[in-house]
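Take a look at the letters that make up each chain.
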Amino acid sequence: MKLRIAIQKSGRLHEDSIKLLKECGIDINNGVNKLKTEASNFPLEVFFLRDDDIPQYVEDGVADIGMVGENVVLEKNRSVKVATKLGFGKCRLSLAVPRSVEYNGVKDMDKLRIATSYPVILENFLKENGITADIHEISGSVEIAPGIGLADAICDLVSSGSTLFMNGLKEVEVILKSESVLITNNSLNAEQQQLLEKLLFRIQAVKKAKNNKYVLLNAPNDNLQKIISLLPGMKSPTVLPLAEAGWSSVHSVLNENDFWDIIESLKAAGAQGILVVPIEKMII
Ligand code: PRT
Ligand code: ZN
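Residues numbered from 1 in each chain as written. Chains lettered and ligands numbered in written order. Predicted model: local features only at pLDDT ≥ 70, side-chain atom pairs only at ≥ 80, totals over all residues. Heavy atoms only, no water.

Novice: Lay out the overall build of the chain with the relevant residues and their values.
Specialist: Within the chain, the regular secondary structure consists of eight helices and 15 strands. Against the 2.2 N^0.38 benchmark of 19 Å for 284 residues, the chain shows a C-alpha radius of gyration of 24 Å, more extended than a compact globule. Considered along the principal axes of its C-alpha atoms, the chain spans approximately 75 × 55 × 35 Å. In the chain, the proportion of contacts linking residues at least 24 apart, taken out of those at least 6 apart, comes to 69%. Per element, the accessible surface of the chain, about 15200 Å² overall, is 49% carbon and sulfur. (Helix = DSSP H or I, 4+ residues; strand = E, 2+ residues; numbered from the N terminus. Rg over C-alpha atoms; globule rule 2.2 N^0.38 Å. Contact = heavy atoms within 4.5 Å. Areas by Shrake-Rupley, 256 points an atom, 1.4 Å probe, with all protein chains shown as cover.)

Dropping the structure here:
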């Protein structure tokens, strides 16, 4: 029995999807123009598909699981489960209007023509806000729609915002924050479920490691308690005596988000020779 996973064939999510599998210790033979391949060291078969088709393939059970943007999962509205977020492909689905237009709130969208490739999500959002607008579904180059007179506003994916800027548009509402997720078929059998859990365990270890750093520093013993109190650690920090009397080496794990604040406090408390190193896998 093999678990069958669908990933994007080419595009923004392709490389990160392959990379995550590799970081999970899964070797896949990724030949160009292949439609499917197998892992050599994990019971996994990989299908390369257009991202738009992935939710349906997973719902139908042609693939058991898939990696795809949450935006596509919500738009396609297929009956699949989201097992976990994957930490890549981050973007937002936003409303944007020409920069010269004054914008005072979502009510301003009433009666406008809005171009989008996400009619389902947009319609839900407008309904929730009691707005009626004319949705023009287009499949690509949504940003040029206002410039050519096709629409008054757009609803499209944004990451850096530079595409909006280059087209004279400004982002006015974020409808959805999205990233890649792992979706699964609703009726996996026991064996498939077990393989999925094995894969999820590895994905969590990789994700956790990415969010954390291993920190080593030298601390004067006089200030050791203060320095230890600043460090969370997985259980508690490791403290080892240095060859030089009066000093210790302290090792700990820090969350990326707290990182700069804590480093500053550590320095203020007399910590020296602070080394910060990436963690490859983290299992707690
Ligand atoms: O061929 P296939 O159908 O598989 O691919 P696709 O062309 O439909 O999708 P692709 O590869 O462009 O995007 C796949 C997924 O990447 C999306 O569904 C999102 O989940 C995610 N993602 C993350 C993005 C972006 N960031 C993004 N910036 N998808 C698209 N964009 C586009 C956006 O539409 C706009 O045109 O990039 C432009 C804006 O980028 P900025 O940086 O200028 O704001
Ligand atoms: Zn697509």
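Novice: So what about the site of ligand 1? Which residues, and what values?
Specialist: Taken together, 23 residues form the shell around ligand 1, and within it Asn-71, Glu-143, Ser-160, Gly-161 and Thr-163 come nearest. One of the side-chain nitrogen or oxygen atoms of Asn-71 is found 2.7 Å away from an oxygen atom of ligand 1. A distance of 2.7 Å is found between an oxygen atom of ligand 1 and a side-chain nitrogen or oxygen belonging to Ser-160. When the free accessible area of ligand 1 is taken as 850 Å², the share hidden by the protein chains comes to 78%. If you list the elements that add at least two residues to the shell around ligand 1, you get helix H3 (70-76), strand E9 (153-158) and helix H5 (162-166). Here the element with the most residues in the shell around ligand 1 is E9; it accounts for three residues. When we break the shell around ligand 1 down by domain, the ones giving at least three residues each are domain 1 (3-88 + 180-209) and domain 2 (91-178). (Near = heavy atom within 4 Å. Polar contact = N/O pair within 3.5 Å; in protein donor to acceptor, adjacent residues only side chain to side chain. Domains from an automatic or database assignment.)

Novice: Which residues make up the coordination of the zinc ion (ligand 2), and what are the values?
Specialist: At this site the zinc ion (ligand 2) is bound by Asp-51 (OD) and Asp-52 (OD), with donor distances of 2.0 to 2.1 Å. For the zinc ion (ligand 2), the four donor atoms in the first shell make angles of 74 to 171 degrees at the metal, a pattern classed as irregular. Classification of Asp-52 as partly exposed rests on a relative accessible area of 27%. (Donors = N, O, S within 2.8 Å, 3.2 Å for Na, K, Ca; no water. Tetrahedral: all angles 85-135°; square planar, octahedral: opposite > 155°, others 65-115°. Buried < 20%, exposed > 50% of the residue type's maximum accessible area, 1.4 Å probe, protein only.)

Novice: Pulling in residues and values, what's your account of the packing of helix H1 (residues 14-23) against helix H6 (residues 190-210)?
Specialist: Helix-helix packing is characterised by the crossing angle of the two axes and by the distance between the axes. Interaxial distance between H1 and H6 falls to 9 Å at its minimum, and their mutual angle equals 100 degrees. Taken as axis vectors, H1 and H6 run roughly perpendicular relative to one another. In this structure, H1 uses Leu-20, Leu-21 and Glu-23 to contact H6, whose residues at the interface are Leu-199, Ile-203, Val-206 and Lys-210. Of the residues contributing to the contact of H1 with H6, the split by class is five nonpolar, no polar and two charged. (Axes fitted to C-alpha atoms, helices over the stretch in contact; angles between N-to-C directions. Parallel < 35°, antiparallel > 145°, perpendicular 65-115°, else oblique. Nonpolar A, V, L, I, M, F, W, Y, C, P; charged D, E, K, R; others polar.)

Novice: Pulling in residues and values, what's your account of the state of the cysteines?
Specialist: Under the defined criterion, the tally for this structure stands at zero disulfides. Between Cys-155, a free cysteine, and Cys-91, which holds the nearest cysteine sulfur, the sulfur-to-sulfur gap is 11 Å. Look at Cys-155 and you get buried, because its relative accessible area is 0%. (Disulfide = S-S within 2.5 Å.)

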